[in-house]
Amino acid sequence: MSAFSVGEQVPAQEFPVVRADLVRYAGASGDFNPIHWNERFAKEVGLPDVIAHGMFTMATAVRVVTDWAGDPGAVLEYSVRFTRPVVVPDPQGATITVSGEVRTVREDGTAEVDLTATVNGSTVLAKARAVVRPRGGSGD
Amino acid sequence: MPVDQSFRGRSYPPTRPYEVGREKIREFADAINDPNPVYRDRAAAQALGYADVIAPPTFAIVLTLPAGGQVIHDPEFGLDYSRVVHGEQRFVHHRPIVAGDLLQVVVTVEDIRVAAGNELITNRADLMTVAGEQVCTAYSVIVGRGTAS
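Please read all numbers here as calculations on a predicted model, not as lab measurements. Numbers given to residues run from 1 along each chain, matching the order in which its sequence is written. Written order decides the labels, with chains lettered from A and ligands numbered from 1. Confidence filtering applies because this is a predicted model: local features only for residues at pLDDT of at least 70, side-chain atom pairs given and counted only at 80 or more, and all residues used for totals across whole chains, interfaces and linings.

Asker: Would you take a moment to explain the overall build of chain A for this structure?
Answerer: If you tally the helices and strands in chain A, you get four helices and six strands. Helices (α) and strands (β) of chain A occur, in sequence order from the N terminus, as β-α-α-α-α-β-β-β-β-β. Taken along its principal axes, the extent of the C-alpha atoms in chain A is 50 × 30 × 20 Å. Exposed residues have 12 or fewer other C-beta atoms within 10 Å of their own C-beta, buried residues have 20 or more, and partly exposed residues fall in between, where C-beta atoms are placed from the backbone. Considering chain A as a whole, with its 140 residues, one finds that 40% of them fall into the buried category. We call two residues in contact when their backbone-placed C-beta atoms lie within 7 Å. Taking contacts inside chain A between residues at least 6 apart in sequence as the whole, the part at least 24 apart equals 64%. To qualify as a helix, a DSSP run of H or I must reach at least 4 residues; to qualify as a strand, a run of E must reach at least 2; elements of each kind are numbered from the N terminus.

Asker: Just checking my understanding: could you explain the interface of chain B and chain A for this structure?
Answerer: Reports often express the size of an interface as the amount of accessible area lost when the parts come together. On the chain A side, the residues contacting the 30 residues of chain B number 31 residues. Among the elements of the structure, helix H1 (22-31), helix H3 (61-72) and strand S2 (84-93) of chain B are those that each provide at least two residues to the side of chain B that touches chain A. Broken down by element, the side of chain B that touches chain A gets its largest block of residues, eight residues, from S2 of chain B. Lys, Arg, Asp and Glu make up the charged group, whereas Ala, Val, Leu, Ile, Met, Phe, Trp, Tyr, Cys and Pro make up the nonpolar group; the residues left over, Gly among them, are polar. A class-by-class count of the residues in the side of chain B that touches chain A yields 16 nonpolar, eight polar and six charged. Pairing geometry for strand S2 (residues 75-82) of chain A and S2 of chain B, over five bridges, is antiparallel. Bridge pairing in S2 of chain B places Glu-77 of chain A opposite Val-92 of chain B. Between any two strands, at least two bridges found by DSSP are needed for them to pair.

See the structure below:
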């Protein structure tokens, strides 16, 4: 396996999200905040509609890295800033588009990958970055 | 109402041990629509060198969200939960979470800052096995919108 190189592209992917995904994520994660499934409640607190859990968007965005790396355990660090909610209207939902690029390769061979996540062309995460272990590294 | 600044540096007692189940990992992977076999198939995980299926990079939130709730819902801390939004999240993995892990979480209020009338509270959650092995450190920035005054 080759070493990481600065500027290397992480293949972009598109991830559709509909209401049922948010209900399933609420159950699996234990985050039952009604802004993520109850349209009436979301609008009462000033949101345009139900919004995705930030942690759902965070989990979705790193897929481009884990698919690219092959081993999800190669993700040593992962951080994001939540800048804009992902609004999920019923029934059409939304599509999160994610791409990535190796910005830095550290002396030990680990890569810092910057991620871009957008919905309808608007960025929904800022400072989204994953630190990835060198290819062919130990699995444990 | 501002939060109690004296909470900076305060740690909460370890949470009760949580056993990471193989089916819980599968359920979480299903919920993020990720079909990766390393989250479901022990043989696929072992082929990568792991003892059992591993958890996705953000799985730790299943433990750290309720653990962080100790701070957010602590009446002594004084945060208005109705104004809280999740500002930032960071995970530092010392190793992947593996099915069968028995984990506890210690939450520490690492920082409290004020910016533009908002309070930014950084909580650090240290996930460790009951034997004391560090597994993951998760940092959450919680924003209290307009709570600074």
